[in-house]
Amino acid sequence: MSELIRLSAADLAAKLASGEVSSVEATQAHLDRIAAVDADIHAFLHVSDHALDIAADIDRRRAAGEELGPVAGVPLAIKDVLVTTDMPSTSGSRILENYMSPFDATVVARARAAGLVPLGKTNMDEFAMGSSTEHSAYGATHNPWDLDRIPGGSGGGSAAAVAAFEAPLALGSDTGGSIRQPAHVTGTVGLKPTYGAVSRYGAIALASSLDQVGPVTRTVLDAGLLHDVIGGHDPRDSTSLTDVWPSFADAAREGARGDVLRGLRVGVITELPDSGFQRGVSASFRAALASMEAQGAEIVEISAPHFEFGVAAYYLILPAEASSNLAKFDSVRFGLRVTPPGTPTVESVMAATRDAGFGDEVKRRIILGTYALSAGYYDAYYGSAQKVRTLIQRDFDAAFAQVDVLATPSAPTTAFRLGEKIDDPMQMYLNDVTTIPANLAGVPGISVPSGLAEEDGLPVGIQFLAPARQDALLYRVGAALEALLVDSWGGPLLDRAPVRGGAL
Amino acid sequence: MAMHEKAPQLMDFDTALELFEPVLGFEVHVELNTNTKMFSAAPNSFGREPNSDLAPVDLGLPGSLPVVNEQAVKYSISLGLALGCQIAPSSRFARKNYFYPDLGKNYQISQYDEPIAFEGSVEVELADGTRVVVPIERAHMEEDAGKLTHVGGSTGRIQGAEYSLVDYNRAGVPLVEIVTKPIYGAEHRAPEIAKAYVQTIRDIVLSLGISDAKMERGNLRCDANVSLRPRGQEKLGTRTETKNVNSMRSVERAVRYEIRRQAAILAAGGAITQETRHWHEDTGTTSPGRPKSDADDYRYFPEPDLLPVVPSAELIDELRAALPEPPAERRRRLKAEWGFSDLEFQDVANGGLLAEVSATIEAGATPAAARKWWTGEISRIANAQGREASDLVAPVDVASLQTLIDAGTLTDKLARQVLEGVILGEGTPQEVIDQRGLAVVSDDGALVSAIDEALAAQPDVLEKIRDGKVQAAGAVIGAVMKAMKGQADAARVRELVLQRAGQV
Amino acid sequence: MRHLGVLARIQLSDEEIERLTGQLDVIVDNIAKVSEVATPDVPATSHPIPLQNVYRPDVVGETLTLAQALQNAPDAYDGRFRVTAILGEEQ
Ligand SMILES: [Mg+2]
Ligand SMILES: [Zn+2]
């Protein structure tokens, strides 16, 4: 195993810039790592045939004296929800098997322009519906910490890829926690930006008013570096904000100095009592808060009475929007076509295709969303859920009048076992209780490793939430806590994960 | 016609009106002539190669997103103002969900509970000068669907077809749908009001310059709602919605037909089925389509990919100031300007030819010449072919035809041949003249030699002329015209013959 | 449930219908509580970060080539997408 794969993206980028390492070497090291461990992890659905060519091109340009961006030549894993012109894009679904997009997602185009080297496409719950990556049509991804456990979801592939050192950087998407919850269970960093801060163009839509693309990495600084590449206004996405954003990498560097914690007011939510969380999750959360307090942060109890309605509102809004977004998969213009026996009509072909091409969870949510929107139920369900959004936003507004950031455990439990919740969708849904409010309100959230749970030795993450547009604050606070904890651990948390694919 | 109900009984129109009161309603779709589509930067074109004018969102490709065309919004506001509507301070788009292969996303982006314009009225003038006010309920923005071609079977219709082919070029073309309130009191003038209403809408959009308004091309499409209620009854009868009515003449015929059909059913004690019906131009009948059912559950919800349209008061004022004069006023002004008699003007107006005559005059023709062409030869051909006069030829070509006559390049007879060529799509009048070689031979040399030839064959003619029998020239003129295949100016030939005889 | 399957164009088997019905009952029971707090005085939020008047200039941009448009088509003929016979009506 090459030492190169254990470098952070920032450190690798420094070696690339100084010429100590070539992009071809770095890319080859990661391709070798994928070849060595991905049969066990199954983080990737597709590994690029072009990575080495792209890396060689970056090396050539650098040798020619071209001014390249700060992360040029660094390999990148891309969640399969993002469309790419040079690799299939399936969103984890059978219905899109082998689909080739004629255009790149904006974030992918920006990553290419920044000189990042796409390594491949990562596994995910089908159409990003799930919290375990078990709903992928192409088989589950395994958690590098324990192969019998889930890597989180829907972006389990991206989180497992960075946790298993198959890629230093990955792109994810977060509709109800799909970046943050996988980060929590794999000991990695994930950030969901403010809604509209990163373009959704080319992200295969799950729920349009909730989806955001964001970075999945091993360090907060790396997340900032990737966020700087992908963020900013995109005229192809009407919901894209025109704000001028500060450098998030700079924010992370500044945060790592620790000053931000002095006088920082951190809110903890009364309505999320410790009793609702696994013991080790709660303990790790409290310990992280204590270490922040020791650095001068102030912990404040905050009431957010409507957060408890978040899961319910979410599981109305998401299926409703998804039922409409997924109607395009009808076998006419792209994707699978299944022709039933007898005298088929286009209606029966569509219905048979959608039955065969969608997995159980997708069908469940499409039916639920169709029900929630259908005549006579709209006001009670979708309409009411949109009102709950308003109430949750008001809770956030009231909270942020008193504190700078909110903190929660990123998820109620550590990684559960594969298959444990697959037959109980409601239990699976309740797993998103801490992450969902941010999507409903559009505010940014980050998950940073806070330690291991005593009882099972599995990673735990702490989530910070900030007011809309204050993504930079999350990088400062996340990096400050990260610096503190890594120092106390004597090295990154992932150093304590089982070594896979042979010794160093 | 396959699968039609057996030829229905029709009641005599006057008897139907004695027994029942007709109530009308119209939905007119206007295709806007913007450069690009409603939600994509693909060209808004007509008649191009199938599937060649598409952006990803027109095909509903995974990851694609819509962005609103600003010009389409402005055109919609102008149209709303011209219809006397209020412009909504805030309106928004909604998704209308239903599966059909001509819909790239399997939902149509339309407006539902918040249309851009509402509560207006349009004054319609009938043939005898009577004015009727048609109340407008709303005008909303939406996108057009693609085009299906049914292949196999004997009729080219949907029934019995083996398969269908889809061209999405039209998908996403901007539409404004204008919906009237129920129109009461139309009585025996219902068919005439129907035609005059569509004519007026066409006049309005043409004077605004926001649509090509060619019904034949589907730029303007009318769905006519008709219901009958027994005299003295308060409650409205069950209505039918006749679709596919694509000429002004047909609107009139379709309404008359539905009144007669429904009256016969009701008088016989039957009930009207609430359904859509299809107009058949060839037979002048309607046939049943799909009955209204709970399958019409469109599950409307606010389009999450798009933001509210909130036009500023300044923009609305600006667009209002730029409105052309209302159609009724315009008619009075034009009649005076053109110096037409009542009869002459009605001829033009009732033919739906105001815009054409006006444009022809603007292009340089005299009012009399413009009227003569449009109400004469062009209307004659249109009637013979069952088409709209306005679809046959462009006003600018009519004007240049007249210019060519005035310059002596064409005789009236030749001009009719040139017109035929223009209608067949052979090009501009000058191009048709060049290609068909149709111009008057104005070269005296060619005429003189033809005259010499004719005189050689009839040597006694000159003598007779000199003897004062000038009519003898006729035989020579006839022979010369024949030799010149009609492309000579007979008056000039006569002049030359007389000169030759020494008579001038 | 069968009707929802028709609306959503998914050909559900009897077994699927039975299983989904049970699961959806549980889910709907859990999520119906949104109506407890969604009183008439609370406005709905469609977009988490409110924006308005987001437009594109009416200028022609990039389009797909015919090959790109048909690239993923399950069946195409003569430059168009081919589908099985359509039941129902002309629209
Ligand atoms: Mg409509
Ligand atoms: Zn027919």
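Below is a short write-up of the structure.

Conventions used here
Residues numbered from 1 in each chain as written. Chains lettered and ligands numbered in written order. Predicted model: local features only at pLDDT ≥ 70, side-chain atom pairs only at ≥ 80, totals over all residues. Heavy atoms only, no water. Buried < 20%, exposed > 50% of the residue type's maximum accessible area, 1.4 Å probe, protein only. Helix = DSSP H or I, 4+ residues; strand = E, 2+ residues; numbered from the N terminus. Pairing = 2+ DSSP bridges. Expected span 1.5 Å × (residues − 1). Arc of directions from axis to C-beta. Contact = heavy atoms within 4.5 Å. Salt bridge = Lys/Arg side-chain N within 4 Å of Asp/Glu carboxyl O. Axes fitted to C-alpha atoms, helices over the stretch in contact; angles between N-to-C directions. Parallel < 35°, antiparallel > 145°, perpendicular 65-115°, else oblique. Left-handed = near helix turned anticlockwise from the far one by under 90°. Nonpolar A, V, L, I, M, F, W, Y, C, P; charged D, E, K, R; others polar.

1. Description of the pairing of strand E9 (residues 405-409) of chain A
Residues and elements named next belong to chain A. E9 sits mainly inside the fold: five of its five residues count as buried. Here E9 shows two buried faces, one formed by Val405, Ala407 and Pro409 and the other by Leu406 and Thr408. Of the pairings in the sheet, the one linking strand E7 (residues 265-269) to E9 comprises three bridges and is parallel in character. Paired with Val268 across the strands is Ala407, a residue of E9.

2. Description of helix H6 (residues 327-338) of chain B
Residues and elements named next belong to chain B. For H6, which comprises twelve residues, the first-to-last C-alpha distance of 16 Å matches the rise-based estimate of 16 Å (1.5 Å per residue) to within 8%. All of the buried residues along H6 are Pro327, Ala328, Arg330, Arg331, Leu334 and Trp338. Angularly, the buried residues of H6 cover 155° about the axis, an arc narrow enough to put them on a single face. Residues of H6 that are exposed and point over 90 degrees away from its buried face: Ala336 and Glu337. Buried residues in H6 make contact with strand E6 (117-125), helix H3 (190-208), helix H7 (342-350), helix H8 (354-362) and helix H9 (367-385). Looking at the residues trailing H6, positive phi occurs at Gly339, about 65°.

3. Here we look at the pattern of salt bridges
All names here are of chain B. Within the structure shown, the criterion is met by 64 salt bridges over all chains. The partner of Arg95 in a salt bridge is Glu303, and the shortest N-O contact between them spans 2.9 Å. Note that Arg95 is positioned in strand E4 (residues 94-97) and Glu303 in the loop between strand E15 (301-302) and helix H5 (313-321), a separation of 208 residues in sequence. Judged by relative accessible area, Arg95 falls into the buried class, the value being 0%. Salt-bridge contacts for Arg436 lead to Glu420; the nearest nitrogen and oxygen are separated by 3.4 Å.

4. Quick look at the packing of H9 of chain B against helix H12 (residues 412-423) of chain B
Residues and elements named next belong to chain B. At a minimum axis separation of 11 Å, H9 and H12 run at an interaxial angle of 60°. The angle between H9 and H12 falls in the class oblique. In the packing of H9 onto H12, the handedness of the crossing is right-handed. Contacts between H9 and H12 involve Trp373, Glu377, Ile378 and Ile381 from the former and Ala415, Arg416, Leu419 and Ile423 from the latter. Considering only residue class, the contact of H9 with H12 consists of six nonpolar, no polar and two charged.

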